[in-house]
Amino acid sequence: MEDFARRLDREDPLARFREQFHIPLTESGEPRIYLCGNSLGLQPKKARGYIEQELDRWARLGVEGHFRGQHSWMPYHELLTEPTARLVGGLPHEVVVMNSLTVNLHLMMVSFYRPRRDRFKILIEGGAFPSDQYAVTSQAAFHGYDPKEAVVELRPRLGEDCLRPEDILSAIEREGDSVALILLGNPNYFTGQAFDIAAITQAGHAKGCRVGFDLAHGAGNLLLKMHEWGPDFAVWCCYKYLNAGPGAVAGCFVHERHARDLNLPRFAGWWGHNKETRFEMKPGFDPIPGAEGWQLSNAPILQMAALRASLELFDEAGMPELRKKADRLTGYLEYLLDQLPDEQFRIITPRDPAQRGSQLSLQVPARSGRRLLAGLERAGVICDYREPDIIRVAPVPLYNSFLDVWRFVNALTEFELS
Ligand SMILES: *Cc1c(COP(=O)(O)O)cnc(C)c1O
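Small disclaimer: the values here were computed from a predicted structure and weren't measured. (Residues numbered from 1 in each chain as written. Predicted model: local features only at pLDDT ≥ 70, side-chain atom pairs only at ≥ 80, totals over all residues. Heavy atoms only, no water.)

### A word on the overall build of the protein chain
Regarding its fold elements, the protein chain presents 13 helices and 15 strands. A compact globule built from 418 residues should have a C-alpha radius of gyration of about 22 Å, and the protein chain, at 22 Å, falls within 12% of that. Counting only C-alpha atoms and orienting by the principal axes, one finds that the protein chain spans roughly 70 × 60 × 30 Å. Sequence-distant contacts, at least 24 apart, represent 71% of the contacts inside the protein chain between residues at least 6 apart. Looking at the protein chain as shown, the accessible area adds up to about 18,600 Å², and 52% of this sits on carbon and sulfur atoms. Computing the positive centroid from 48 side-chain charges and the negative centroid from 55, the protein chain places the two 2 Å apart. (Helix = DSSP H or I, 4+ residues; strand = E, 2+ residues; numbered from the N terminus. Rg over C-alpha atoms; globule rule 2.2 N^0.38 Å. Contact = heavy atoms within 4.5 Å. Areas by Shrake-Rupley, 256 points an atom, 1.4 Å probe, with all protein chains shown as cover. Lys, Arg positive; Asp, Glu negative; His and termini not counted. Charge placed at Lys NZ, Arg CZ, Asp CG, Glu CD.)

Encoded structure:
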């Protein structure tokens with residue numbers, strides 16, 4: 001069995017990318033079985049050098065680093081534009097890297113959540129990530145609406161863990177006339193369920209709703225075609241599947257149809273202003289057409305250097321190839337888990353590969369979660385536990401191996417459940 005995992009690794013065309021990352025070690029110096037790339041991605045070895053380059057330029061040039069040298073800071077974020085566009089399937093002027101995820105979500109809602117008396121609701125998935133819940137609740141309240149009325153949550157059917165795609169569409173059909181904004185986390189951070197962005201966008205737009213996605217768990221994980229699928233906006237962070245480090249600078253997509261719409265309200269800052277005239281420091285905001293027009297501030301260069309190191313690896317491997325390996329890795333994990341006794345571990349993530357990414361969420365026996373996690377830790381496994389009884393496991397294609405998956409499941413079978 002272990003041999004089979006090793007053989008899959010030998011045959012894996014992307015296996016060489018593991019070398020490009022620092023894998024955390026156990027106390028005895030063995031690489032840990034790191035299945036937590038959905039929470040904090042590992043460090044690309046190139047990141048340190050890229051950050052050091054900018055520290056050096058700062059030391060040598062001071063303020064002149066903004067304009068001098070190969071990667072001057074003023075246009076530094078533009079180095080990230082093309083790779084980011086490829087990553088999410090957007091046009092270059094539809095994407096920008098800026099701020100953090102929740103900040104970008106609020107900025108997008110300022111522009112795309114425009115409630116009126118007869119259309120004020122926000123439709124989100126039940127059990128959305130807390131930050132998203134707080135963001136939509138506070139936005140509804142900010143506009144003077146009662147969040148209890150304004151925020152509508154999609155719930156799975158009784159006894160089911162995930163939303164049925166047809167139930168999402170019929171909810172949009174039923175409620176859509178009063179919905180100002182549809183916002184879904186894709187995939188959902190807890191269940192790992194991925195939604196059909198194109199179908200949901202189409203159904204939402206047919207009802208006159210704005211449609212946005214939180215791709216915190218989607219960017220660098222799912223194959224995305226955001227331009228073609230057509231939602232109004234999307235936001236994501238870059239420290240999960242995108243490996244850009246703790247608190248990394250985040251991403252934002254604004255569909256081309258809004259690129260030149262000067263009627264959209266927005267919270268503006270000087271970095272969103274026309275680059276030609278920004279430093280004339282004059283009144284009168286003249287937004288850059290496209291996503292860059294939503295920038296507020298001077299860009300965080302050191303964080304962007306780390307993201308650059310990571311995005312180069314995504315470009316080198318290519319998302320279609322990464323997704324292919326990811327489906328095999330996740331399928332292998334699913335296969336091995338299915339050999340375990342049913343009553344002990346239950347996969348709540350959809351079985352259909354089209355409805356998930358690299359994460360499987362496992363329900364574990366009641367009240368054994370914390371002990372199980374401690375046992376896994378002793379076996380060198382790092383994964384993530386959510387109260388009351390869910391373990392989230394994410395083998396990611398850039399640095400996880402089939403052997404990692406085999407060792408994880410092997411560690412599970414050695415756990416005493418009683
Ligand atoms: C990780 C995550 C966040 C985190 O937001 P930050 O602003 O980056 O802290 C928000 N939403 C979702 C769905 C997430 O998965």
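### Focus on the domain arrangement of the protein chain
Domain parsing of the protein chain yields domain 1 (2-31 + 318-412) and domain 2 (53-314). Each of domain 1 and domain 2 has a C-alpha centre, and these two points are 29 Å apart. Contact residues are listed per partner, giving 26 residues for domain 1 and 19 residues for domain 2. Contact between domain 1 and domain 2 buries roughly 2,000 Å² in total, counting both sides, with carbon and sulfur atoms accounting for 59%. Our count for the contact surface shared by domain 1 and domain 2 stands at one salt bridge. A salt bridge links Arg346 to Asp161, with the shortest nitrogen-to-oxygen separation between them at 3.0 Å. Linking domain 1 to domain 2 there are eleven residue pairs in polar contact (both at pLDDT 80 or more). (Domains from an automatic or database assignment. Buried area = accessible area lost by both parts, 1.4 Å probe. Salt bridge = Lys/Arg side-chain N within 4 Å of Asp/Glu carboxyl O. Polar contact = N/O pair within 3.5 Å; in protein donor to acceptor, adjacent residues only side chain to side chain.)

### As for the pattern of salt bridges
By the definition in use, this model includes 32 salt bridges. A salt bridge links Glu82 to Arg86, with the shortest nitrogen-to-oxygen separation between them at 4.0 Å. Of this pair, Glu82 and Arg86 both sit in helix α3 (residues 81-88), four residues apart, which is roughly one turn of that helix. Owing to a relative accessible area of 43%, Glu82 belongs among the partly exposed residues under this scheme. In this structure, Arg370 engages Glu387 in a salt bridge whose closest nitrogen and oxygen atoms are separated by 3.1 Å. With Arg370 in helix α12 (residues 369-378) and Glu387 in the loop between β14 (384-386) and β15 (390-393), this residue pair connects regions lying 17 residues apart in the sequence. In this structure Arg370 comes out as exposed when scored by relative accessible area, which is 55%. (Buried < 20%, exposed > 50% of the residue type's maximum accessible area, 1.4 Å probe, protein only.)

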